[in-house]
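Take a look at the letters that make up each chain.
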Amino acid sequence: MTTTTHAHAGPAPARRGFVGRYGRRLNEIGLLAAIVLLYIVLGAAASGFLSLDNQLGVLRNAATIGIAAWGVTLVIVSGDIDISIGPAVAFASVLVAKGATEWNLGVAGAVVLTLVLGFGWGALAGWLRARFNVPSFITTLGLWSVLGGLALYMTDALPVPLPQSPVFDFLGGSFLGIPTSALVMLVLFAVFAYLARYTAYGRSVYAIGGNAAAARLAGLNVTRVRVLLFATTGLLAAITGVLLAARLGSGNGGAAAGLEFDVIAAVVIGGTALAGGRGSLLGTFLGVVFISVIANGLVLLGVNPFFQDVVRGFIIVAAVLVNVVINRRTTGDRIA
Amino acid sequence: MTTTTHAHAGPAPARRGFVGRYGRRLNEIGLLAAIVLLYIVLGAAASGFLSLDNQLGVLRNAATIGIAAWGVTLVIVSGDIDISIGPAVAFASVLVAKGATEWNLGVAGAVVLTLVLGFGWGALAGWLRARFNVPSFITTLGLWSVLGGLALYMTDALPVPLPQSPVFDFLGGSFLGIPTSALVMLVLFAVFAYLARYTAYGRSVYAIGGNAAAARLAGLNVTRVRVLLFATTGLLAAITGVLLAARLGSGNGGAAAGLEFDVIAAVVIGGTALAGGRGSLLGTFLGVVFISVIANGLVLLGVNPFFQDVVRGFIIVAAVLVNVVINRRTTGDRIA
Amino acid sequence: GGRLGENGRVGVVYMDAQGFYAGVRDGMRDHSQSSGDGLQLLELNAQGDASEESSFVDVASSADVDALVLSPVSATASIPAVRLAHESGVPVVCYNTCIEDEAARKYVTSYILGDPHEFGHLLGDAAADHFESEGVTDPKIAVLNCEFVEVCVNRREGFENALFDRLPDAEIVANQQGSTIDEAVRVGERVLTAHPDLDAFYGEAGGATMGAVRTVKTSGRTGDVVVFGSDMSTDAARALDDHTILKADVDISGLAVGRMAGETVEDILAGEGSGEFITDAPIDLYTTPEDGARWLEEHPDGIP
Amino acid sequence: MTDETPSPASAGAVATARAVTKSYPGVRALHGADFEVRAGEVRALLGRNGAGKSTLIRLLCGVETPDDGTVEIGGEPLAAGGVRRATELGVGTVHQELSLVPQMSAAENLYLGAWPGTARGIDHAAMRAGAREAFADLGVTIDPDTPIGELPLAQQQLVEIARALRSRPRLLILDEPTSALAAGETDIVLAAVTRVAERGVGVVYVSHRLDEIRRVSDTVTVMRDGAVVETAPVRGATTAHIVSLMLGHEQDRAVQRTDNAVDRSGTPLLSVRDLSVPPKVESVSFELYPGEVLGLAGLMGAGRTEVLRALAGFTPADGAVAIAGTPVARRTPGAMKNLGVGITPEDRKSEGVVPLLGVSENMVMSWFGGASRAGTVLPSRVSALGRDLVDRFSIKTARSDTPIVNLSGGNQQKAVIGRWLHAQSRILLLDEPTRGVDVEAKAQIYRIVRDLADGGAAVVFVSSELEELPLVCDRVLSLRAGRIDGEFTGDDITLDTIMAAAMAV
Ligand SMILES: Nc1ncnc2c1ncn2[C@@H]1O[C@H](COP(=O)(O)OP(=O)(O)OP(=O)(O)O)[C@@H](O)[C@H]1O
Ligand SMILES: Nc1ncnc2c1ncn2[C@@H]1O[C@H](COP(=O)(O)OP(=O)(O)OP(=O)(O)O)[C@@H](O)[C@H]1O
Ligand SMILES: [Mg+2]
Ligand SMILES: [Mg+2]
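Residues numbered from 1 in each chain as written. Chains lettered and ligands numbered in written order. Predicted model: local features only at pLDDT ≥ 70, side-chain atom pairs only at ≥ 80, totals over all residues. Heavy atoms only, no water.

## Overview of the site of ligand 2
Basically, it comes down to this: Residues are classed as near a molecule or strand on a simple rule: at least one heavy atom within 4 Å of it. Definition of a polar contact: a pair of N or O atoms within 3.5 Å, with one able to donate and the other able to accept a hydrogen when the atoms are protein atoms, and with sequence-neighbouring residues admitted only if both atoms are side-chain atoms. Note on areas: Shrake-Rupley, 1.4 Å probe, and residue coverage restricted to the protein chains presented here. As a working rule, the residues Ala, Val, Leu, Ile, Met, Phe, Trp, Tyr, Cys and Pro are called nonpolar, Asp, Glu, Lys and Arg charged, and the rest polar, with Gly in that last group.
As a structural note, the neighbourhood of ligand 2 is formed by 14 residues, with Met300, Gly301, Arg304, Thr305 and Glu346 of chain D the closest of them. Among the chains of the assembly, those with residues near ligand 2 are chains B and D. A distance of 2.6 Å separates an oxygen atom of ligand 2 from a polar side-chain atom of arginine 304 of chain D. In this structure, glutamate 346 of chain D approaches ligand 2 through a side-chain N or O atom, which is 2.6 Å from an oxygen atom. Protein burial of ligand 2: of its 600 Å² of free accessible surface, 87% is covered by the chains. The class makeup of the residues in the shell around ligand 2 is 4 nonpolar, 3 polar and 7 charged.

Rendered as structure tokens:
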């Protein structure tokens with residue numbers, strides 16, 4: 001029997017040579033290389049790019065994309081998608097502003113209300129997905145339309161000023177020189193990286209994305225995980241909305257337009273497969289940095305803002321193309 | 001031997017009773033009922049809704065959604081998605097306007113150029129999907145960004161006036177009292193309904209959406225079909241863009257924003273499954289009518305424009321929820 | 001009976017999602033209430049999209065609105081829609097923006113105009129006043145624009161005319177898109193980084209203005225960089241009141257325009273074609289803290 | 001009817017593969033294999049999982065082109081012509097994986113890729129008529145309009161076979177056509193194969209069921225590790241010899257029926273009263289004691305899967321279920337799992353494994369708690385637990401974190417069973433655990449099942465391969481049309497008795 005075992009096990013170790021060991025990280029390594037290259041090029045070409053202020057600015061903008069991106073990574077790993085982020089952030093910024101002013105909930109009350117509602121609308125979308133099998137593209141498209149409409153309807157598209165409050169000053173400001181929103185992003189990154197890799201919940205997400213039917217038969221509570229996934233992105237969008245309101249000093253129904261595309265782009269550039277089952281938070285982190293640096297660089301280089309969209313489109317497709325090709329090389333072909 | 005066979009074939013015919021025979025049409029019947037109900041309610045509640053003029057207006061607006069929706073139906077049936085419609089239409093409208101004026105191609109030349117390019121960029125997206133397995137959500141997201149950016153960049157967001165031409169007058173006007181764009185929509189509907197059901201191409205699309213591996217094993221050229229599918233939606237978007245330019249008398253880089261969502265909503269409301277393999281053009285037709293009538297009704301009822309988005313979001317989710325529930329009832333559980 | 005719109009209706013088009021248009025709507029409502037005409041408003045927010053506008057005008061015309069009050073998205077792309085309305089016998093009232101002059105004379109009954117050039121000009125003058133009083137002769141100014149709509153280009157031209165007239169050494173060092181507040185903040189920060197010696201921002205629209213104010217405040221450049229802005233809101237009024245960053249703000253009151261539009265429609269329905277084609281909408285320049293405080297008092301609900 | 005196909009008299013080679021080699025990234029699936037089939041011959045192709053049978057077949061029918069070597073069909077080189085060329089040359093194939101489009105009708109699946117057309121488009125009526133005829137020809141009654149996905153698996157498989165035969169091939173390839181079928185349908189398939197071969201068609205028949213091969217084929221080709229080992233007449237070869245050719249060594253010991261006394265005096269571990277899942281299952285009652293392996297026999301669609309799924313809480317069902325004497329009122333999957341019930345699915349690929357996850361993770365996912373400390377899943381514990389299970393079940397894998405797709409079917413199956421050992425389940429519901437696995441792996445799975453029972457677990461073992469039930473089960477229930485209609489214990493469990501009960505009319 002040993003001989004047979006040997007003959008069969010034979011090819012496998014061969015496959016795990018250099019490529020095998022780094023294969024699953026190849027995409028992340030590539031992305032890191034691309035970011036380094038960007039820094040070199042932009043540092044040379046765009047004056048002020050390397051300044052501390054600008055780098056902190058990059059970080060702060062990264063936070064707007066990043067916080068939601070951690071949650072969306074898990075949603076996409078589980079084989080679903082969430083396209084409601086932009087309007088959800090705008091609506092949350094309106095909620096917190098209205099809560100703290102018109103509805104007299106106090107600052108803390110308004111923040112709590114916003115986070116709870118964010119969790120709630122996410123859970124609702126997740127429940128429709130999990131319980132009734134409504135595709136998540138549709139449930140979150142519905143959310144996109146409803147929240148975006150409500151945010152503008154409730155404010156008449158006017159900014160809702162926040163009250164003066166040390167809490168908002170802190171949230172919109174800096175702590176030890178680093179923007180608070182960036183700190184929140186980093187802390188949440190640590191939380192999610194841990195969640196994804198070291199908890200039953202996180203592992204379930206990967207199992208569900210890899211094969212939901214198998215996960216269900218193995219006794220995982222697929223419905224609960226799915227509801228939680230969308231509830232989490234709702235919560236993260238709400239957090240982003242609160243931070244955005246604090247930064248802008250007001251809640252804005254039209255803010256964060258198109259953010260969902262940046263978030264999804266960051267996630268897939270980071271190597272998470274839209275088909276589910278594969279992806280990492282580190283990859284998403286690099287994707288967020290990549291997108292933020294490029295956006296910053298294009299502005300500093302004085303590129304026409306419309307043309308920036310053109311460049312961005314090409315970059316997204318190119319990055320995913322590279323990912324797909326790398327993945328095909330390094331993992332078994334048995335999965336199409 | 002016959003007995004065994006017989007015993008087994010038993011349950012199948014039983015299952016195909018009333019529900020079996022109409023099951024697959026149940027969604028379309030329900031949608032038709034919903035439309036009739038809408039007509040009754042709106043006819044009673046909103047003055048002017050039933051006027052001929054208004055109905056022709058509904059039809060003209062339906063054309064903007066419908067023409068692209070025929071192509072997107074097939075794309076979604078094949079298991080892919082195309083989210084590039086809005087910017088593609090805007091870009092096409094710019095192309096035809098620039099072609100006919102700045103680039104001196106003449107009216108016919110400009111129209112041909114636009115259609116050829118539309119076919120071309122669609123084919124490119126399809127090729128990336130088919131050849132390299134880049135998810136179509138990404139390839140068309142790239143297209144969305146690139147075309148939208150180019151359309152605004154090339155025009156500085158200013159409208160490009162069309163030259164006076166009987167061709168554009170005809171395209172933007174009416175024929176025998178019916179808007180030309182609506183006629184184009186209806187003709188293309190007939191073409192696509194035929195294509196989908198009575199040609200090898202159409203059946204291949206369904207086969208690929210139902211089980212791409214099986215389709216490939218059966219000798220279908222999956223790559224070619226996929227490229228063609230996206231090329232077709234590119235072409236249809238270009239046609240919509242030309243008609244829109246004719247109607248507005250100019251090419252507009254910012255036109256048709258968000259059209260992709262209306263198109264996708266119409267398709268899924270019409271009963272086409274985002275998972276692929278199932279869907280009909282008749283369903284999409286009804287979905288287009290449903291969405292157009294609702295949009296018209298909300299305006300006539302004087303609903304706040306922002307709140308219209310809220311209503312629309314709810315309706316999309318509700319319609320798809322009903323579809324999903326109906327489908328689960330009528331088709332075997334074996335298909336997820 | 002009770003079918004909606006039986007007592008007559010007016011179609012209203014708002015160009016995009018700015019607070020100004022909330023003012024217009026409230027102004028029209030106000031007028032309608034005080035005159036008791038019971039007109040139904042059919043509204044569209046075109047979000048800058050000429051095709052949306054065109055569909056809506058279709059709907060409104062075939063629904064036999066008594067008048068169409070619109071701020072066209074584009075001077076050229078909106079012509080067919082306006083012509084259609086005109087040809088369907090619907091009187092058209094432009095406000096804020098209008099279609100090209102020649103076409104407007106043919107198809108538009110009345111135009112409530114807050115001249116964008118004048119609008120920019122007033123602010124440019126105020127900016128020049130400010131710099132002259134500070135003794136700066138070569139201010140470096142960054143523009144946060146909304147130039148995907150044509151009026152914003154006109155606003156800037158007006159601004160530049162006034163400014164360069166008086167301070168020929170002034171310089172526009174950057175002109176980037178930033179019409180919503182979050183976009184403006186993002187772009188504003190980068191502009192500050194790229195131009196450390198910047199003296200002022202010019203915000204072409206409400207979001208751009210407040211984004212610039214916010215940028216200056218959060219990057220600790222208060223007192224160093226000032227802002228000249230457009231469009232009033234509660235937020236802007238407060239900033240003006242504070243007067244450390246926002247030095248001047250120019251505004252056309254949506255409420256006032258709405259009321260004027262209501263009157264115009266009433267006149268038209270009554271058959272009293274008002275003599276003048278163009279009615280000037282008042283352009284208000286706010287330059288002092290007192291101006292800000294007064295605005296807040298006069299607009300308790302924040303609708304401009 | 002058979003005039004296009006060459007008569008047996010002119011019998012030459014209908015298909016020849018010479019020195020074909022085919023590699024996938026990291027695997028050499030075939031190297032230097034020679035293969036030839038003659039007209040009118042039924043050639044069995046044998047070999048363990050991963051020996052390269054399906055790969056050889058994919059080369060013969062044009063799905064893949066060899067890296068090296070040539071393939072000829074009826075003397076014509078296939079070259080890079082693909083499936084279309086192969087079909088033109090007269091190859092009809094039933095692949096190992098069902099390759100049907102679930103949403104399409106039976107008729108349309110039959111004509112997939114070769115829709116009958118008129119100048120005005122596809123002729124749906126002709127398609128329906130043709131399908132009715134083709135099914136009748138095969139001896140089955142299937143409504144051509146039913147979407148394939150709504151048909152039982154067996155009928156789906158029969159539609160595939162009808163499709164392979166539709167173009168009147170001169171070479172018919174069947175890759176494990178009966179792995180999902182029970183005795184009744186298997187007979188239909190075997191009869192069809194014999195009939196087709198008599199018409200002069202060359203048939204390649206892959207199966208892991210040696211008894212079938214004896215019934216249908218003339219010669220057998222054995223493959224091992226990507227090469228052809230031997231081709232011999234079936235009649236002359238003993239089973240032991242064939243098996244040793246497949247394995248490359250003698251089988252350790254033939255599987256034998258082990259009689260062990262089950263103690264039925266205590267409380268049953270699982271007691272089921274009047275379990276009903278209308279309309280598929282009616283009033284099923286039985287008791288299961290620790291240490292017992294209970295077989296569920298029955299034809300395709302008898303309702304066995306449904307019984308298991310209901311017991312594990314996946315389908316709502318009427319009736320009373322008690323575990324270790326305690327009645328379970330709310331049977332949800334979570335509750336049943338916590339009570340120690342584990343289920344393995346009949347379709348390993350679609351419901352069993354999470355392909356991209358490692359072998360260990362596929363096993364610990366039934367109970368992450370077992371690999372955690374203070375709510376933290378420890379990767380080191382995951383791999384330690386995984387390695388332990390890999391050793392206990394002798395799962396052949398290079399590493400315990402190899403993605404499970406890279407394992408052969410039998411080893412995947414062992415991992416899926418191992419999942420419940422990790423979750424410390426006491427009641428195991430195994431649905432077709434030996435489907436599509438080779439002889440050696442089968443023997444290992446039997447042994448695992450027996451070991452689990454000997455360790456105090458109770459096992460329900462469902463199989464369509466009735467001949468394996470006597471080997472593993474202490475007791476067998478026969479299910480027909482959702483009802484229990486027979487029970488056998490001890491020496492009564494023989495192939496004949498079970499078969500008779502299952503098929504009785
Ligand atoms: N598409 C593929 N990509 C990578 N490796 C593959 C692919 N197809 C087959 N293999 C590998 O090639 C080898 C031969 O596989 P093949 O499917 O031909 O075996 P088989 O004899 O049909 O086995 P079984 O009895 O399980 O069907 C195996 O090691 C398998 O893992
Ligand atoms: N998920 C399902 N959806 C629809 N029909 C099903 C499903 N599962 C089984 N069936 C059908 O229900 C009947 C009972 O099937 P069940 O699977 O319980 O029987 P079985 O004895 O286990 O047979 P099999 O060997 O096919 O699993 C059959 O006609 C089968 O085709
Ligand atoms: Mg095989
Ligand atoms: Mg079964």
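## Concerning the state of the cysteines
Residues and elements named next belong to chain C. Condition: Here, two cysteine sulfur atoms that lie within 2.5 Å of each other are counted as a disulfide. Partly exposed residues are those whose accessible area sits between 20% and 50% of the maximum for their type, while under 20% is buried and over 50% is exposed, using a 1.4 Å probe and protein chains only.
Scanning the model with the defined rule gives 2 disulfides over all chains in all. The partner cysteine of cysteine 94 in its disulfide is cysteine 98, sulfur to sulfur 2.1 Å. Linking cysteine 94 and cysteine 98, the disulfide has an S-S dihedral of approximately 60° and is accordingly described as right-handed. Each member of the pair cysteine 94 and cysteine 98 is classed as buried. When the cysteines of chain C that form disulfides are numbered from the N-terminus onward, they connect as 1-2, 3-4.

## Focus: the coordination of the magnesium ion (ligand 4)
Residue and element names in this part refer to chain D. Filter applied, for reference: For Na, K and Ca the donor cutoff is 3.2 Å, while for all other metals N, O and S atoms must lie within 2.8 Å; water is not among the atoms, so some sites may look incomplete. The numbering of helices and of strands both runs from the N terminus, where a helix is a DSSP run of H or I of at least 4 residues and a strand a run of E of at least 2.
Distances from the magnesium ion (ligand 4) to its protein donors, Thr305 (OG1) and Glu346 (OE), fall at 1.7 to 2.4 Å. Pair noted here: threonine 305 is in helix α9 (residues 304–311) and glutamate 346 is in the loop between β18 (341–344) and α11 (348–352), with a separation of 41 residues, a long-range link. The exposure class assigned to threonine 305 is buried, which follows from its relative accessible area of 19%.

## Some words on the coordination of the magnesium ion (ligand 3)
Residue and element names in this part refer to chain D. Coordination sphere of the magnesium ion (ligand 3), protein contribution only: Ser54 (OG) and Gln96 (OE1), at 1.9 to 2.1 Å. With serine 54 in helix α1 (residues 53–60) and glutamine 96 in the loop between β6 (91–94) and α3 (106–110), this pair connects stretches of sequence that are 42 residues apart. A relative accessible area of 16% means that serine 54 is categorised as buried.

## A closer look at the sheet that holds strand β21 (residues 427–431) of chain D
For sheets, the rule is that strands pair by backbone hydrogen bonds, running either parallel or antiparallel. All names here are of chain D. The condition that has to hold: In this analysis, strands are considered paired if DSSP registers two or more bridges between them. Lines are fitted to the C-alpha atoms to define the axes, a helix being fitted only along its stretch in contact, and any angle between axes, read from their N-to-C directions, falls within 0 to 180 degrees.
Judged by pairing direction, the sheet is mixed, and its 6 strands sit side by side in the order β18-β21-β22-β15-β23-β24 without closing on themselves. The open sheet has two edge strands with one neighbour each: β18 and β24 (483–489). Each strand axis lies, on average, 20° off the axis of its neighbour in the sheet, ignoring direction.

## Let's talk about the sheet that holds strand β12 (residues 283–286) of chain C
All names here are of chain C. The mixed open sheet is built from 6 strands, whose spatial order is β7-β6-β8-β9-β10-β12. Looking at strand neighbours, the two that pair on one side only are β7 (171–177) and β12, the edges of this open sheet. Pairwise comparison of adjacent strand axes, ignoring direction, gives a mean angle of 15° for this sheet. Across 4 bridges, strand β6 (residues 140–145) lies against strand β8 (residues 200–203) in parallel orientation. Its bridge partner being in β8, valine 143 is matched across the sheet by tyrosine 202.

## As for the arrangement of the chains
In plain terms, the rule: Throughout, a contact is declared for two residues whenever any of their heavy atoms are within 4.5 Å.
No other pair of the 5 pairs of chains in contact has as many contacts as chains A and B. Across all C-alpha pairs, the smallest distance from chain C to chain D is 38 Å, and the two are not in contact.

## Considerations on the interface of chain A and chain C
For the record, the criterion: Put simply, buried area is the surface a 1.4 Å probe can reach on two separate parts but cannot reach once they are joined, added for both. Salt bridges, as used here, are contacts in which a Lys or Arg side-chain nitrogen is within 4 Å of a carboxyl oxygen on Asp or Glu.
Contacts between the two partners involve 29 residues from chain A, matched on the other side by 26 residues from chain C. Regarding the contact of chain A and chain C, the summed buried area is about 2,200 Å², with carbon and sulfur atoms giving 56% of it. With its nearest N and O atoms 3.3 Å apart, the salt bridge here joins arginine 247 of chain A to glutamate 189 of chain C. The tally of links between chain A and chain C comes to 6 residue pairs in polar contact (both at pLDDT 80 or more). The set of elements that each furnish at least two residues to the side of chain A that touches chain C consists of α4 (52–77), α12 (222–248), α14 (281–300) and α15 (305–330) of chain A. Its residues placed into classes, the side of chain A that touches chain C shows 17 nonpolar, 9 polar and 3 charged.

## Thoughts on the environment of glycine 302 of chain B
Residue placement: glycine 302 of chain B occurs in the loop between α14 (281–300) and α15 (305–330). The contacts of glycine 302 of chain B, once residues within four sequence positions are left out, are Gln40, Leu41, Leu42 and Glu43 of chain C.

## Focus: the relation of the copies chain A and chain B
Operational definition: Copies are brought into register by a least-squares superposition over C-alpha atoms of residues with pLDDT of at least 70 in both.
Superposition of chain A onto chain B requires a rotation of 180° combined with a translation of 0.1 Å along the rotation axis, giving an RMSD of 0.1 Å. A rotation of that kind, with that shift, is consistent with a two-fold axis. Interface residue correspondence from chain A to chain B reaches 100%, placing this contact among same-surface, isologous pairings.

## A closer look at the environment of glycine 82 of chain D
Residues and elements named next belong to chain D. By the element assignment, glycine 82 lies in helix α2 (residues 82–88). Glycine 82 sits 274 residues away from leucine 356 along the chain, and the two C-alpha atoms are 29 Å apart. Setting aside anything within four residues of it in sequence, one finds glycine 82 in contact with Cys61 and Gly62.

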